[in-house]
Amino acid sequence: MKAGLAYADIISTVSPTYANEIQTPAAGNGMEVVLQTRKNDVYGILNGIDYSYWNPQTDKNLAANYSANDLSGKISCKKDLQSRCGFNLSENTFVVGCVSRFDNQKGFDLIMDVIRKTQHLDIQFAVLGSGDRYIRDGMLYLKSLYPSKVNVFNDYNEALAHQIYAGSDAFLMPSRFEPCGLSQIIALAYGAVPIVNKTGGLADTIKDFTSSSSSGNGFVFNLYTGENLFDKINTAYNFFRNKNAWSKVVKNAFASNFSWDNSVTEYENMYNTALNRRIAYTIYK
């Protein structure tokens, strides 16, 4: 790895913030010094999604289709998800979805903590994932404690993933670190407002929504603690109860565009830079 980083013409990773993070001791895993010496050659280009596939207007996995201009189908999807989870059917209940690997990286210590702390609120959690058995057991235990508010599907289920994106009001992704992340981008496409930690690609794709600055497309906390996640979920919950404010952040989510079309141009420019350097080096040599 060290030799590869030292001798590559260009070094590429999947978000601008992560490209900076890996040049620090906190995220460099011992390679930060090498990366710092190549800092002018390190590129961070966001991943994208295929909007023809991740499209709530045409998605055949959903109980109803919908768009940013007509959210009536999203209400149907929400009630369908609530029904699948065994929850009370109410469009006024705040439904928080999570589709993830069960892994420490994905912030499940915070998720389990915040589920306990929010039981006094009208919030339902729909979680789909598989992986680490300790996280699985912890999540299933919470399901057994709060069956009317928490359902955990220990599975890899593509259709259900689509249904959670479509049926959720908000999408939970408090990762410890995240080179890019796709789930938060998919959630935006389905009008499920992301709640994320400010790290890696999450920091590059999700901007915090506040009452003073209504341009944000999600809710972002800045330090990885359960208390900060709880505060941000509580903020999102309060905005959800204010329908005018919530409609603004949902509109911003739908307006976000992270198509591969945007990334392709950046990759072409990066490859051309590498090629031109190699040509210049060959001529000089």
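Above this text sits the structure in question.
These lines cover the structure that appears in this document, whether it is placed above or below. Please read all numbers here as calculations on a predicted model, not as lab measurements. (Residues numbered from 1 in each chain as written. Predicted model: local features only at pLDDT ≥ 70, side-chain atom pairs only at ≥ 80, totals over all residues. Heavy atoms only, no water.)

## Some thoughts on the overall build of the protein
Okay, so step 1: Helix and strand content of the protein: 13 helices and eight strands.
Okay, so step 2: Computed over the C-alpha atoms, the radius of gyration of the protein is 20 Å, within 12% of the 19 Å expected from 2.2 N^0.38 for a compact globule of 285 residues.
Okay, so step 3: Across the 285 residues of the protein, 52% fall into the buried class.
Okay, so step 4: Put simply, 72% of the contacts in the protein that link residues at least 6 apart link residues at least 24 apart.
Okay, so step 5: About 13,700 Å² of surface is accessible on the protein, with carbon and sulfur atoms providing 50% of the total. (Helix = DSSP H or I, 4+ residues; strand = E, 2+ residues; numbered from the N terminus. Rg over C-alpha atoms; globule rule 2.2 N^0.38 Å. Buried < 20%, exposed > 50% of the residue type's maximum accessible area, 1.4 Å probe, protein only. Contact = heavy atoms within 4.5 Å. Areas by Shrake-Rupley, 256 points an atom, 1.4 Å probe, with all protein chains shown as cover.)

## Re the sheet that holds strand β5 (residues 150–154)
Okay, so step 1: Sheet architecture is open: six strands sit in the order β5-β4-β3-β6-β7-β8, paired in parallel fashion. Bordering the open sheet on either side are β5 and β8 (219–221), each of which pairs with just one other strand. Strand-to-strand twist in this sheet, taken as the mean axis angle between neighbours without regard to direction, amounts to 20°.
Okay, so step 2: Judged from the four bridges that link them, strand β6 (residues 170–173) and strand β7 (residues 193–197) form a sheet pairing that is parallel. Bridge pairing links F171 to P194 in β7. (Pairing = 2+ DSSP bridges. Axes fitted to C-alpha atoms, helices over the stretch in contact; angles between N-to-C directions.)

## Some points on the pairing of strand β4 (residues 123–131)
Okay, so step 1: Here β4 lies mainly inside the structure; seven of its nine residues are buried.
Okay, so step 2: The pairing of strand β3 (residues 94–102) with β4 spans nine bridges and is parallel. When the sheet's bridge partners are listed, F102 is paired in β4 with G131.
Okay, so step 3: As a crossover connection, the stretch from β3 through helix α6 (residues 108–117) into β4 is right-handed.
Okay, so step 4: Sheet topology places β4 next to β5; five bridges connect them, and they run parallel. Note on β5: the bridge partner recorded for A126 is N151.
Okay, so step 5: Between the parallel elements β4 and β5, the chain passes through helix α7 (residues 133–145) in a crossover that is right-handed. (Right-handed = clockwise from strand over helix to strand, strands pointing away.)

## Here we look at the packing of aromatic side chains
Think of a pair of aromatic rings as described by two things: how far the centres are apart, and how the planes are tilted against each other in angle.
Okay, so step 1: Applying the stated criterion across every chain, the model contains 16 aromatic pairs.
Okay, so step 2: Taken together, a centroid distance of 5.0 Å and an interplanar angle of 35° make the contact between F94 and F240 tilted. Taken as a pair, F94 in strand β3 and F240 in helix α11 (residues 226–241) lie far apart in primary sequence, 146 residues in all.
Okay, so step 3: For F94, a relative accessible area of 0% corresponds to the buried category.
Okay, so step 4: A residue is classified by how much of its surface remains accessible, and F240, at 3% relative accessible area, is buried.
Okay, so step 5: With 6.1 Å between their ring centres and 35° between their planes, Y165 and Y190 make a pair best called tilted. Placement of Y165 in helix α8 (residues 158–167) and of Y190 in the loop between α9 (183–189) and β7 is noted, with a sequence separation of 25 residues between them.
Okay, so step 6: The exposure class of Y190 is buried, given its relative accessible area of 0%.
Okay, so step 7: It is K243 that lies over the ring of F240; its NZ or CZ is 3.8 Å from the centre. (Phe/Tyr/Trp six-rings, centres within 6.5 Å; stacked < 30°, edge-to-face > 60°. Lys NZ or Arg CZ within 6 Å of the ring centre and 35° of its normal.)

## Some words on a nonpolar patch on the surface
Okay, so step 1: Together, L275, I279 and I283 line one region of the surface with nonpolar side chains, adding up to about 310 Å² of accessible area.
Okay, so step 2: The residue I283 is located in helix α13 (residues 260–284) in this model. (Patch = residues over 30% accessible without salt bridge, like charges linked within 9 Å, V, L, I, M, F, W, Y side chains within 5 Å. Salt bridge = Lys/Arg side-chain N within 4 Å of Asp/Glu carboxyl O.)

## So, the side chain of S67
Okay, so step 1: For S67, the position within the fold is in the loop between β2 (42–44) and α5 (72–85).
Okay, so step 2: Here S67 falls in the buried class, since its relative accessible area comes to 14%.
Okay, so step 3: Residues within four places of S67 in sequence aside, it is in contact with Q57 and F254.

## Quick look at the environment of S263
Okay, so step 1: Within the secondary structure layout, S263 lies in helix α13.
Okay, so step 2: Between the C-alpha atom of S263 and that of L275, which follows or precedes it by 12 residues, the distance is 18 Å.
Okay, so step 3: If sequence neighbours within four positions are ignored, S263 has contacts with I45, L46, N47 and G48.
Okay, so step 4: Within the structure, the side chain of S263 is placed 2.6 Å from the backbone oxygen of L46, a separation counted as a polar contact. (Polar contact = N/O pair within 3.5 Å; in protein donor to acceptor, adjacent residues only side chain to side chain.)

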